[in-house]
Amino acid sequence: MNKTVTFSFSSTKYQGAEATETFTFKELDIDENLDNKALKIEINRTFQAWVWEKLNISSSIVINETSADSTDYIQ
């Protein structure tokens with residue numbers, strides 16, 4: 001069977017920041033026989049990667065500790 005999944009997002013704040021794309025499980029290298037829980041996790045992981053790629057976002061988080069002289073960077 002050829003299962004498909006459609007990813008989409010839109011922004012109410014930024015005009016033109018939307019996308020919709022349909023993929024087969026084979027294109028995404030997702031095993032169609034996964035149980036529902038594992039399938040949900042895999043599709044969610046793939047969706048997040050797809051959104052980040054579409055928006056071309058890079059980010060970083062900096063945590064400053066007031067009691068220490070060091071700064072930790074999380075990427």
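Caption draft 1: Representation of unusual backbone geometry in the model. Positive phi values are uncommon outside glycine, yet aspartate 29 reaches one of about 60 degrees. With respect to the helices and strands, the residue aspartate 29 is situated in the loop between strand 2 (18-24) and helix 1 (36-55). The exposure class assigned to aspartate 29 is exposed, which follows from its relative accessible area of 69%.

Caption draft 2: Highlighting the pattern of salt bridges. What the rule picks out here adds up to two salt bridges. Between lysine 54 and glutamate 21 there is a salt bridge, with its nearest N and O atoms 3.0 Å apart. Linking lysine 54 in helix 1 with glutamate 21 in strand 2, this pair joins segments that are 33 residues apart in sequence. Taking relative accessible area as the criterion, lysine 54 reaches 42% and is therefore assigned partly exposed. With relative accessibility at 27%, the residue glutamate 21 sits in the partly exposed group. Taking the shortest distance from any N to any O, the salt bridge between arginine 45 and glutamate 42 comes out at 2.4 Å. Remark: glutamate 42 and arginine 45 occur in helix 1; sequence separation between them is three residues, near one turn of the helix. Its relative accessible area of 48% is what places arginine 45 among the partly exposed residues. Relative accessible area serves as the criterion here: at 21%, glutamate 42 is assigned to the partly exposed category.

Parameters and conventions
As a convention, each chain's residues are numbered from 1 in the sequence order in which they are written. Restriction of local features to residues with pLDDT of at least 70 applies here, the model being predicted, together with a cutoff of 80 or more for giving and counting side-chain atom pairs; totals for whole chains, interfaces and linings are based on all residues. Neither water nor hydrogens contribute to the side-chain values; these are computed over all heavy atoms in the structure. Helix and strand definitions follow DSSP, with helices as H or I runs of at least four residues and strands as E runs of at least two, each counted in order from the N terminus. Exposure is judged per residue with a 1.4 Å probe applied to protein chains only, and the accessible area is read against the type maximum: over 50% gives exposed, under 20% gives buried, and values in between give partly exposed. Here a salt bridge means any side-chain nitrogen of Lys or Arg lying within 4 Å of a carboxyl oxygen belonging to Asp or Glu.

Coordinates in, geometry out; function isn't part of it.
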